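# Examination of the molecular architecture
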Amino acid sequence: MSQPSMSRMTPVERAALASVYAARRWQVLRLAVPGLLIYTLVLVPVSSVALAASTLLQMLLSGALFGVALWATATRRVELAAQLALVGTFLTSVIITINTGPIDGTLQSGTLVALTAFLLPIILAGILASPRVVVVVTGASFAFSALLLAVTPLSANAQATLHLRVNALLVIVPLLAQMGAGFLSFAGTYGFRRMQRDLADVRLAYAREKETEQLREQFIASVNHELRNPIMAVQHYLVMAQTLGSQGKLEEQQRMLQSGTEVAERLTKLVQSILEIRRLHTVTDLDLKPIALAPLAWQAARMLALLSPGNRQLVQVQIPNDLAVLAETEHLQEVLGNLLANAAKYSPPNSPITIAARPLSLREAQVLRPGRLPAEKLGFVEITVRDQGMGIPPDKALIIFEPFVRLSRDEGSPVIGSGLGLAICRANVQAMHGDIWVESAGIPGEGSTFHIVLPRAADQPPPTRRLDGKGAEHGA
Ligand code: ADP
């Protein structure tokens, strides 16, 4: 079972994971926000030295914040609700701390205890937000508390009741508690996020494996059907031809034999494509050499024209003459051939196909395929094969590279296929230290773009002769 990583998720899978995160945060918010509203409305007046107009204003402000947070939770605006709950609890902690003395210019012993209120936004950040937000909230709490303790003198009353050692302890303990909560929250969120990601990876791998298995079974059933029907048809044509021969109807016998031959040809193609499976296991240590790309692409375009003479597909080659890759000729030829053949098979006749290539810096390649390509000194080359055919649904973009997988749309269609072409392309490209993937909106007519990235080789001198799409040779 192959393990997909986050960077290899399709957009659909990434959106599904994001919705799992959002659902979990919403569950927490549904319980936490009403509780936080009550906590604020009780603690703000209790912490006030005197119930003044300013206390009412504070209650109004934090009440309004949590009121909007309640509305956001009820309407499932998860991001907004989480932000408001965090800002609200931080603000309440500031109000509670200031109300216990500094609002009158001195620190009371209760102020030092009130500083522990900052543990709440720190822990909440751990539950609702990311490790980065935990760091920001802990930093802000610590900075605010330290500044408050540094600039506000201890009241005479507090000095009289607390002796020096207790004073020092009371200053250190809330600050240490904030730091401790910050570390714990950070570790908790970080660990939880990793675990969730790993779990998501396992679930995804399982779902993909199940889907691959299903498509494989579907394919085997359809191959079974596709093999049985032509064999029976050939048998029928032969018996009929024999009978017609014995009756002396030679012209009709000839027609039967002709039909039998056509069916047998289709059968041979199908069997041949299934036997391609052995090629999947033969791609190992390749002898990689600098290869000029343009002539190879022209050759693949010419082969396409030769193999399907009835189908006058227009292949445009847009590759700089001197661009070269580090590859193995036969394997790269096979990849380009398969991709062009697919582009032709799954597009309407005469629709354009483009094969293009451009150099890609190491940085660009790593942005495009994070963690999937080795560090190559000369950078990479990106080859694209674009068609305007039926397209591939984005959620099937990874699975079609598995052996024996065909889209259900193409099962039982007149388009012959074994579901092996792309698996062979992937094996070849990976053996050449590259990567292959497809982009498509899955909308018929908008087509698909297959991308291959291969290590770049030093520029090759332009070839003296080149081939065009119709197979004619031209001077360079
Ligand atoms: P096949 O022999 O069936 O063509 P491949 O492995 O080459 O096998 O392709 C797997 C499946 O991916 C195909 O059966 C088809 O459903 C889909 N596919 C491949 N290339 C294209 C394309 N250019 N446009 C649309 N669908 C494609």
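Everything discussed here concerns the structure shown above.
An account of the accompanying structure is given in this report.

### Some remarks on the pattern of salt bridges
As enumerated under the stated definition, the model contains 10 salt bridges in all. Connected through salt bridges with shared partners, the residues Glu 211, Asp 395 and Lys 396 form a single ionic network.

### Description of helix α2 (residues 53–74)
Spanning 22 residues, α2 covers 31 Å between terminal C-alpha atoms, matching the ideal 32 Å at 1.5 Å per step. Along α2, the residues classified as buried are Thr 55, Gln 58, Ser 62, Gly 63, Leu 65, Phe 66, Ala 69, Ala 72 and Thr 73. After α2 finishes, the residue Arg 76 shows a positive phi value of roughly 60°.

### A word on empty space enclosed by the protein
Under the counting rule described, the total for this entry stands at three cavities of 30 Å³ or more. Of the pockets and cavities examined, the second largest cavity occupies roughly 60 Å³. Forming the boundary of the second largest cavity are Tyr 21, Arg 24, Arg 25, Gly 126, Ile 127, Leu 128, Ala 129, Thr 189, Phe 192, Arg 193 and Gln 196. Per-element accounting of the lining of the second largest cavity gives the leading share, four residues, to helix α8 (residues 164–246).

### Notes on helix α3 (residues 78–99)
For α3, which comprises 22 residues, the first-to-last C-alpha distance of 31 Å matches the rise-based estimate of 32 Å (1.5 Å per residue) to within 8%. Of the residues trailing α3, Gly 101 is marked for its positive phi of about 155°.

### Observations concerning the packing of aromatic side chains
Tallied over the full model, the rule gives four aromatic pairs. Look at Phe 186 and Tyr 190: their rings are 6.1 Å apart centre to centre, the planes differ by 5°, and that puts the pair in the stacked class. With Phe 186 and Tyr 190 both in helix α8 and four residues apart, the pair spans about one turn of that helix. By relative accessible area, which is 33% here, Phe 186 ends up partly exposed. A cation over an aromatic ring shows up here: Arg 76 above the ring of Trp 26, its NZ or CZ 3.7 Å from the ring centre. Sitting above the plane of the Trp 437 ring, Arg 369 keeps its charged end 4.1 Å from the centroid.

Each value, and the rule that gives it
- Residues numbered from 1 in each chain as written.
- Predicted model: local features only at pLDDT ≥ 70, side-chain atom pairs only at ≥ 80, totals over all residues.
- Heavy atoms only, no water.
- Salt bridge = Lys/Arg side-chain N within 4 Å of Asp/Glu carboxyl O.
- Helix = DSSP H or I, 4+ residues; strand = E, 2+ residues; numbered from the N terminus.
- Expected span 1.5 Å × (residues − 1).
- Buried < 20%, exposed > 50% of the residue type's maximum accessible area, 1.4 Å probe, protein only.
- 1 Å grid on protein atoms, 1.4 Å probe; cavity = no way out; pocket = protein on both sides within 12 Å on 5 of 7 lines; lining within 4 Å.
- Points joined across faces, edges and corners; volume = space filled by probe spheres on them.
- Phe/Tyr/Trp six-rings, centres within 6.5 Å; stacked < 30°, edge-to-face > 60°.
- Lys NZ or Arg CZ within 6 Å of the ring centre and 35° of its normal.

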